[in-house]
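Structural description and commentary
Each chain is listed here by its residues.
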Amino acid sequence: MGQDIFVFINADASVLCQVEPVGRWFEAFIKRRNIHVSASFQELEDEKELSEESGDEELQLEEFPMLKTLDPKDWKNQDHYAVLGLGHIRYKASQKQIKAAHKAMVLKHHPDKRKAAGEQIGEGDNDYFTCITKAYEILSDPLKRRAFNSIDPTFDNTVPSKSEGKENFFEVFSSVFERNARWSNKKNVPKLGDMNSSFEEVDAFYSFWYNFDSWREFSYLDEEEKEKAECRDERRWIEKQNRAARALRKKEEMNRIRTLVDTAYSCDPRIKKFKEEEKAKKEAEKKAKVEAKRKEQEERERQRQAEIEAARIVKEKEEEEIRQQALLMKKEKDIQKKAIKKERQKLRTTCKNWNYFSDNEAESVKMMEEVEKLCDRLELTSLQCLNEALTSTTREEGRAAVEKQIHEINEQIRREKEEAEARMRQTTKSSEKSASGGVGGSKNWPEDDLQLLIKAVNLFPAGTNSRWEVIANYMNLHSTTGIRRTAKDVINKAKSLQKLDPHQKDDINKKAFDKFKKEHGVVPQADNATPSERFEAPYGDSSPWTTEEQKLLEQALKTYPVNTPERWEKIAASVPGRSKKDCMKRYKLVLVVTLKSPQLL
């Protein structure tokens with residue numbers, strides 16, 4: 001072959017070395033790894049260029065029929081995408097497509113080319129080619145393009161009505177939400193879904209849109225350009241005006257989004273379905289709770305009934321035991337009563353057979369009374385012992401045994417009576433001691449004061465206004481002892497009188513009645529006291545009214561109001577020596593004098 005061949009006999013074995021790519025080879029390596037392919041960097045670059053060239057070849061521009069009629073001075077209100085022939089792809093167009101479209105429009109509408117073709121060209125910036133230049137200027141700058149996209153004149157801002165949404169909810173609102181999703185700062189905007197969407201998906205969708213973060217801004221619509229300002233203050237004023245206008249438009253935009261979401265939420269059949277399911281779930285839970293509560297109440301009621309039944313059985317058992325004990329006690333008592341009756345009859349018969357141990361009729365009657373006393377006082381055992389003694393003894397010995405028993409019973413009765421009297425005296429003494437105190441003291445209660453107290457208590461019955469004060473005043477006015485009594489003294493003495501022996505009460509009432517008869521048995525004499533000038537009248541009573549009588553009348557009028565039954569009889573009883581007629585006449589006289597002289601009130 002004409003080439004030398006070298007053979008190495010002692011060549012070293014091959015060694016595997018780790019080589020790390022750097023520079024553009026490292027970039028190519030990263031790209032291959034990301035797209036999971038194995039190709040060289042040059043191959044990737046060639047493929048990219050080929051794809052871009054094919055893209056440029058595939059780009060189809062739409063001729064804008066109104067292009068030549070555009071006013072270059074009104075470039076801000078023109079549709080820049082339509083001017084460059086990209087009206088069919090608009091905001092989806094890439095920068096390369098915008099650049100290619102501008103290149104094609106320049107090649108076709110450049111003034112030099114049209115002038116060479118014999119077309120009339122406008123002078124300066126008055127040619128429509130200026131609109132193409134402005135369109136490329138706006139769309140090639142990312143910030144200016146973003147501002148223009150925010151006020152895209154072809155964008156539909158309308159919100160479907162509720163009537164439209166209720167008829168075809170998913171058909172109507174799906175396109176609306178997809179159309180407005182372009183304004184979201186967040187990617188992966190959730191879809192509206194369909195009728196089979198889960199609650200979590202629907203909740204996530206509405207949560208996203210209720211917290212929608214829009215990048216849409218309205219700086220493109222600024223009426224004033226701060227670059228045209230002549231000074232710094234004017235520039236600040238323009239910026240302030242523009243910020244206020246943008247904030248207002250931003251607020252209107254967010255209100256539009258909120259209205260859209262609210263309308264969709266109110267028309268969404270899935271929300272209604274979820275609410276019905278939630279309601280049914282709550283009803284089921286409520287019913288389950290009610291059922292559980294009912295079972296619990298039934299269980300408690302069953303336990304309560306069981307406890308009641310057990311308590312009833314125990315109570316019936318106790319009552320039966322008590323009844324049996326009562327029957328047994330009754331039988332024993334009846335047996336004892338019969339035995340006592342038998343022994344008493346035996347004692348009476350024995351004493352009767354012995355003519356009550358005396359031949360004298362008077363002594364026999366007295367002994368018979370004593371025997372009856374023995375029958376009443378002696379117990380069964382004593383009666384049995386006495387009857388056994390009488391059966392086995394002679395008349396004289398029997399008389400001695402009976403008299404002995406009579407003596408013991410009389411001694412017992414005497415001791416009981418003395419003890420009762422001692423207790424009564426002690427009670428009376430302690431009552432008088434507890435009732436002591438006040439002006440003048442209350443240890444000394446003469447019979448006149450006791451009778452006056454009884455009269456006052458009967459005169460002013462329970463229910464009288466300030467009853468005990470009235471009684472105390474009454475006693476202080478009519479008492480002859482001169483001792484001043486308080487309401488507390490009167491109450492304590494009245495309580496002690498209630499604890500007295502009935503015989504003592506009868507004695508006090510009898511003395512009070514005798515005194516009353518003595519006082520009212522004669523015609524009351526006229527009092528020598530000077531009559532009250534205040535109540536004096538030319539047509540007065542038969543005897544003048546004293547000051548004390550006038551006070552008693554006024555107190556009685558307060559004590560017995562108009563609706564009191566038999567009022568004037570009680571008032572007359574409160575004023576000693578005056579009749580019902582006298583009290584009524586005095587009252588009318590005082591009333592006339594008071595009405596004629598109001599200063600006396």
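Residues numbered from 1 in each chain as written. Predicted model: local features only at pLDDT ≥ 70, side-chain atom pairs only at ≥ 80, totals over all residues. Heavy atoms only, no water.

Applied cut-off: UniProt positions are given in the numbering used here, feature names are shortened, and annotations may be inferred rather than shown by experiment.
The name recorded for the protein in an unreviewed UniProt entry is DnaJ homolog subfamily C member 2, from Anolis carolinensis. Recorded in UniProt for the protein, the comment headed Subcellular location (unreviewed entry) runs: "Cytoplasm, Cytosol".

**A look at the overall build of the protein**
Using the following cut-off: The helix and strand labels rest on DSSP assignments: H or I over at least four residues marks a helix, E over at least two residues marks a strand, and numbering proceeds from the N terminus. Categorising residues by exposure relies on relative accessible area from a 1.4 Å probe, with only protein chains included: less than 20% of the type maximum marks a residue as buried, more than 50% marks it as exposed, and the intermediate range marks it as partly exposed. Pairs of residues are marked as contacts when any of their non-hydrogen atoms sit within 4.5 Å.
Per the secondary structure count, the protein includes 22 helices and zero strands. Considering the protein as a whole, with its 601 residues, one finds that 29% of them fall into the buried category. When contacts within the protein are restricted to residue pairs at least 6 apart in sequence, those whose partners lie at least 24 apart make up 66%.

**Focus: the confidence of the model for the protein**
To be explicit about the condition: Scored from 0 to 100, pLDDT records how confident the predictor is in each individual residue.
Considering every residue of the protein, the mean pLDDT works out to 81; 83% of them sit at 70 or more. The least confident element of the protein is helix H2 (residues 41-58), whose mean pLDDT is 54; the most confident is helix H10 (residues 199-210), at 92. Contacts for the low-pLDDT stretch residues 437-442, under 50 throughout, to residues beyond four places or in other chains number 11 contacts. Segment residues 522-541: pLDDT under 50, and 21 contacts once partners within four positions in sequence are set aside and those in other chains are kept.

**Some words on a nonpolar patch on the surface**
The cut-off we apply is this: A patch consists of residues whose relative accessible area exceeds 30% and which take part in no salt bridge; residues with like charges are grouped when within 9 Å of each other, and nonpolar side chains (Val, Leu, Ile, Met, Phe, Trp, Tyr) when within 5 Å. Surface accessibility in these figures is a Shrake-Rupley result with a 1.4 Å probe; residues are shielded only by whichever protein chains are displayed. For salt bridges, the criterion is a side-chain nitrogen of Lys or Arg within 4 Å of an Asp or Glu carboxyl oxygen.
A cluster of nonpolar side chains, contributed by Tyr587, Leu591 and Leu595, occupies part of the molecular surface with about 300 Å² of accessible area. Of note, Leu595 is situated in helix H22 (residues 580-596).

**Quick notes on the layout of surface pockets**
Using the following cut-off: Each cavity reported here is a set of points on a 1 Å grid over the protein atoms alone in which a 1.4 Å probe fits but cannot get out, each pocket an open set with protein on both sides within 12 Å along at least five of seven lines, and each lining residue one with an atom within 4 Å of a point. Grid points are joined across faces, edges and corners, and a volume is the space filled by probe spheres set on the points. Residues are grouped as follows: nonpolar covers Ala, Val, Leu, Ile, Met, Phe, Trp, Tyr, Cys and Pro; charged covers Asp, Glu, Lys and Arg; every other residue, Gly included, is treated as polar. For each domain, the first and last residues come from an automatic or database assignment.
By volume, the second largest pocket is sized at about 610 Å³. In terms of lining, the second largest pocket is formed by 21 residues, of which the most central are Lys144, Ser219, Asp222, Glu225 and Glu227. Every element with two or more residues in the lining of the second largest pocket is listed here: helix H6 (129-140), helix H7 (142-150) and helix H11 (232-267). Residue composition of the lining of the second largest pocket, grouped by class: five nonpolar, two polar and 14 charged. Counting contributing residues, the lining of the second largest pocket receives three or more from each of domain 1 (67-150) and domain 2 (163-267).

**A look at H10**
Let me state the cut-off plainly: Multiplying 1.5 Å by the residue count of a helix minus one yields the expected span of that helix. Arc, as used here, means the arc of the directions from the helix axis to the C-beta atoms.
In a regular helix each residue adds 1.5 Å, so 12 residues correspond to 16 Å; H10 covers 16 Å between its end C-alpha atoms and thus fits that length. Among the residues of H10, those classed as buried are Val202, Phe205, Tyr206, Phe208 and Trp209. Along the axis of H10, the buried residues cluster in a sector spanning 155°; they form a single face. The elements touched by buried residues of H10 are helix H9 (169-180), H11 and helix H12 (269-353).

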